[in-house]
Amino acid sequence: MVIVDPRAAREAAQWLVRLHAGALKPDEQLAFQAWRAGDPAHEAAWQRAELVCSTLASVPPALRQAAEETPRAPQRRALVLGLAGLIVAGPALWLASQSAPWLAWRATIRTARGEIRHINLPDGTQLVLNTDTAIDVHVDAKARAIVLHAGELHVGTAPDLLTPARPFLVHSRNGVVRALGTHFSVRHGGSLLAPRTQVGVSQGAVEIQPAQAPQALRLVNAGQQGSFDDTAVSPLTPLAPHAGAWLQGVLIAERMPLGEVLESVARYRYGVIRCDPALAAMPVDGIFQLQDPEKILALLQHSLPIRMTRRTRYWISVEAA
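Keep in mind that this is a model prediction, so the values were computed, not measured.

A. Highlighting the pairing of strand 19 (residues 315-320). Of all the six residues making up strand 19, five are buried; the element is thus mostly covered by neighbouring parts of the structure. Pairing analysis gives four bridges linking strand 16 (residues 272-275) to strand 19, with the strands arranged parallel. Note on strand 19: the bridge partner recorded for Val272 is Trp315. Here strand 18 (residues 306-312) pairs with strand 19 via six bridges, running antiparallel. For Ile306, the partnering residue across the bridge sits in strand 19 and is Ala320.

The following block contains the structure:
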């Protein structure tokens, strides 16, 4: 593994935060390019910074808030130091230091970024794994269970042929979802420090049981969705329109805010897509093929008054045209 100079790593982290804070001015862009070209150690540090972003799919959630702080703010200084540490150590240390990502890496069934995979279990249950998803399957005499380590899973349960029938369970970081003869999706959401599990039911019903509050059991019926953490379930809302379109490999947008469209597209490609907050609410209509995220970005740029600026191989800024 290439050794990255700590000073160059800190400078790369500073540029990473500045890039995420917004579009660079022309003189800043020239300074950034001059910094990269001025020393091989700088370019090595930036290549590692891109690799870190690629591995994490995006920069840590705190970056968005800290990037808006003044350069001397404690939160921003702490973030720069943390990013510099990741750049020096590389993604391997981050993966090794976080139990959930490490378990996802070791999962027996995984999908790559951008892949959607259909699986039939021996009992007839149908699974669909969305992009960047990792699961383990555990079936014994007591239960049929899926452990969702990362990503999103859709389940179409089949009746159990054993007597008594074994429950079908999906374990997430936050608790357990129990199927009650149903079709439903479970997705890891939230952030690394505050994970949440999102559940949507298209047929039948499920029971949600938070890990630390079994008394907070909540029934979710067909056409409903909600989320939960370790202690509570959110209020339930109607299932989002076209929530299951990804099962056919498409994203259907009907007056969907541009920020949400880009967030969805970002799940199917490596790197960071940053949208100018002033453009995030711009409505988007269309049906997009998820297997080609670059084409989606090109279509958006062609049909909307926006410009996609590629700062690096893994970094795209969406700005007003």
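B. Inspection of the sheet that holds strand 14 (residues 237-238) at higher detail. Ordered by their spatial adjacency, seven strands build an open sheet running 2-3-6-9-10-13-14, and the pairing between neighbours is antiparallel. The open sheet has two edge strands with one neighbour each: strand 2 (117-120) and strand 14.

C. Local environment of unusual backbone geometry. Each neighbour pair has its own omega, and for Thr163 with Pro164 the value is 0°, a cis peptide bond. With respect to the helices and strands, the residue Pro164 is situated in the loop between strand 6 (152-156) and strand 7 (168-171). Backbone geometry places His242, a non-glycine residue, at a positive phi of 60°. In this structure, His242 sits in the loop between strand 14 and strand 15 (250-257). At Arg255, a residue that is not glycine, the phi angle is positive and equals roughly 55°. Its location among the elements puts Arg255 in strand 15.

D. Examining the nonpolar core more closely. Ranked by internal contacts, the top residues of the largest apolar core, which has 26 residues, are Leu258, Leu262, Leu300, Ile306 and Val318. Breaking this core down by element, the ones donating at least two residues are strand 15, helix 8 (258-266), strand 16, strand 17 (283-289), helix 9 (293-303), strand 18 and strand 19. The greatest single-element share of this core, amounting to five residues, is contributed by helix 8. Setting aside residues no more than four positions away along its own chain, Leu258 makes contact with Cys275, Leu279, Ala280, Ala281, Met282, Val284, Leu300, Leu304, Ile306 and Val318. In terms of nonpolar packing, the next biggest core, distinct from the first, is built from 23 residues, Ile119, Phe184, Val206 and Val233 among them.

Each value, and the rule that gives it
- Residues numbered from 1 in each chain as written.
- Predicted model: local features only at pLDDT ≥ 70, side-chain atom pairs only at ≥ 80, totals over all residues.
- Heavy atoms only, no water.
- Buried < 20%, exposed > 50% of the residue type's maximum accessible area, 1.4 Å probe, protein only.
- Helix = DSSP H or I, 4+ residues; strand = E, 2+ residues; numbered from the N terminus.
- Pairing = 2+ DSSP bridges.
- Core = buried A, V, L, I, M, F, W, Y, C linked by side-chain atoms within 4.5 Å.
- Contact = heavy atoms within 4.5 Å.

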